[in-house]
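Below are the chains, spelled out letter by letter.
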Amino acid sequence: MEGTAVRRRLNWQTGTVEELVSETPRTRSIRLGLPCWSGHRPGQHVDVRLTAEDGYHAQRSYSIASAPEDENLVLTVERLDDGEVSPFLVDELRTGDELELRGPIGGYFVWETARGGPLLLVAGGSGVVPLRAMLRHHRASGSAVPVRLLYSARSLPDVIYRDELTRLTGNNAIDVHFTLTREQPVGWRGYRRRIDRELLAEVAWPAVDRPLVYVCGPTDFVETAAAALVALGHEPGRIRLERFGGTGGSA
Amino acid sequence: MTRLDGNAIAGELYDIFGTEMTAATGTCAGCGSARPLGELAVYLQAPGVVARCTSCDHVMIVIVEIRGVRCVDLRGTADVKKA
């Protein structure tokens, strides 16, 4: 019975940076070694805390990019130029450094195989991070749930996990669509406009198929996508949203 | 002011309630609509945290820290049910 379970406080713990991978000029993935990690669900996040020498704390939330099945916890962080935490994580952090965090946190913006589908994932910019955890979980668990990802980025060099996502298109159950809103390479055959009702109508399953939808990105992006999905007849109760704060521009 | 959602205060809600709350259902004391707390309209840059009902804009949760003591005002929330 859940009521009898021992409640666990959300304690701070220290991880060690094991690997750093530059995903794009503005984003970096941080692979962490965490001795006390209790596991997570795809879509959850952690709080990261930095402490200055004078004791001042700055704390931000970052989505978990790895699947529960992956050996290590991975965060992918986008640098916000006026940010207090992200410039340090993207530019200064080194392998072997320690990082203070607590989590996993959240239970609403979570997808696991048992929730079923079809599954529509809509990402704006670094909003792809928690959706990538879901995609990796889908693959690691051998799920047969059909998945479509629609990912909006400014340009091809801004696409996070580009190789991994491109490789996924070879998987029968997964369809990946990119839209590049500002700059497209010569010969680009993907979409080249901001997400709107017409684009979602083209990429998404029709509302009668009742897909489960997860939308993540900057606030404006998420609200545009959500309004368009509802206008297309999708049930609000099957649409889950996560808004990212702090970004100056949207994808 | 940037509008976020209940996911952004998942850690604070966990601290206050001692368990995961974003998937819990909150009922608005203003209009009676019942939705997951993860869907609340959240503003972090108010003096403290303000979470509003997405149906009627009624203030459902206010969290303010005063000299290290966290003050939580839930008068705008009629009911909370764990997921």
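Note that this is a predicted model, so its numbers are computed, not measured.

Parameters at a glance
- Residues numbered from 1 in each chain as written.
- Chains lettered and ligands numbered in written order.
- Predicted model: local features only at pLDDT ≥ 70, side-chain atom pairs only at ≥ 80, totals over all residues.
- Helix = DSSP H or I, 4+ residues; strand = E, 2+ residues; numbered from the N terminus.
- Rg over C-alpha atoms; globule rule 2.2 N^0.38 Å.
- Contact = placed C-beta atoms within 7 Å.
- Nonpolar A, V, L, I, M, F, W, Y, C, P; charged D, E, K, R; others polar.
- pLDDT = per-residue confidence, 0-100.
- Pairing = 2+ DSSP bridges.
- Domains from an automatic or database assignment.
- Axes fitted to C-alpha atoms, helices over the stretch in contact; angles between N-to-C directions.
- Buried ≥ 20, exposed ≤ 12 C-beta atoms within 10 Å, placed from the backbone.

**Student:** Can you walk me through the overall build of chain A in this structure?
**Tutor:** The secondary structure content of chain A amounts to 5 helices and 11 strands. What you see for chain A is a C-alpha radius of gyration of 18 Å, in line with the 18 Å of a compact globule of 251 residues. Overall size of chain A, expressed as C-alpha extent along the three principal axes, is 50 × 50 × 30 Å. In chain A, of all internal contacts separated by at least 6 residues, the share reaching a separation of at least 24 is 72%.

**Student:** When you look at the interface of chain B and chain A in this model, what are you seeing that I'm missing?
**Tutor:** Every contact between the two is made by 20 residues of chain B and, on the other side, 15 residues of chain A. Elements with a contribution of two residues or more to the side of chain B that touches chain A: strand E1 (4-5) and helix H1 (10-17) of chain B. Ranked by the residues each element gives to the side of chain B that touches chain A, the list is headed by H1 of chain B, at 4 residues. When grouped by side-chain class, the residues that make up the side of chain B that touches chain A number 8 nonpolar, 8 polar and 4 charged.

**Student:** Is there a simple way to explain the confidence of the model for chain B in this structure?
**Tutor:** For any part of a model where pLDDT is low, the fine detail of the predicted coordinates should not be relied upon. For chain B, mean pLDDT is 95; residues scoring 70 or higher make up 100% of the total. Overall fold confidence for the complex sits at a pTM of 0.94, while the interface term, ipTM, reaches 0.93.

**Student:** Can you help me understand the sheet that holds E1 of chain B in this one?
**Tutor:** Note on sheets: strands pair through backbone hydrogen bonds, and any given pair is parallel or antiparallel. All names here are of chain B. The strand order E1-E4-E5-E6-E7 describes an open sheet built from 5 strands, whose pairing is antiparallel. With partners counted over all chains shown, the strands left at the sheet margins are E1 and strand E7 (69-73), one partner each. Bridging between strand E5 (residues 49-52) and strand E6 (residues 59-66) involves 4 bridges; their strand directions are antiparallel. Looking at the pairing, arginine 52 lines up with valine 59 of E6.

**Student:** What is the right way to read the domain arrangement of chain A from this model?
**Tutor:** Accessible area lost upon the coming together of the parts serves often as the stated size of an interface. Residues and elements named next belong to chain A. Each assigned domain of chain A is listed here: domain 1 (2-105) and domain 2 (113-244). Centre-to-centre separation of domain 1 and domain 2, based on C-alpha positions: 24 Å. Each side of the interface is counted separately: domain 1 has 16 residues, and domain 2 has 14 residues. The residue inventory of the side of domain 1 that touches domain 2, partitioned by class, reads 6 nonpolar, 6 polar and 4 charged.

**Student:** Sorry, what's going on with the sheet that holds strand E8 (residues 77-81) of chain B here?
**Tutor:** All names here are of chain B. What the 3 strands build is an open sheet, ordered E3-E2-E8; its pairing is antiparallel. In the strand order of this sheet, the two ends are held by strand E3 (34-36) and E8, each with one partner. Mean inter-strand twist for the sheet, computed between neighbouring axes without regard to direction, equals 25°. Relative to E8, strand E2 (residues 25-28) runs antiparallel, the two sharing 4 bridges. Across the sheet, residue glycine 26 finds its bridge partner in E8, namely valine 80.

**Student:** Teacher, can you tell me more about unusual backbone geometry here?
**Tutor:** A negative phi angle is the norm for most residues apart from glycine, just as the trans form is the norm for most peptide bonds. Glycine 103 of chain A connects to proline 104 of chain A through a cis peptide bond whose omega is 5°. By the element assignment, proline 104 of chain A lies in strand E6 (residues 98-105). In this structure, the amide linkage connecting glycine 117 of chain A to the following residue, proline 118 of chain A, adopts the cis form with an omega of 0°. By the secondary structure assignment, proline 118 of chain A is in the loop between E6 and strand E7 (119-124). Of note, the phi angle at aspartate 57 of chain B is positive, near 75°, even though the residue is not glycine. Following the sequence through the fold, aspartate 57 of chain B ends up in the loop between E5 and E6. Overall, aspartate 57 of chain B belongs to the exposed group, with 12 C-beta atoms counted inside 10 Å. The backbone phi angle of arginine 67 of chain B is positive, close to 45°, even though this residue is not glycine. Checked against the element boundaries, arginine 67 of chain B lands in the loop between E6 and E7.

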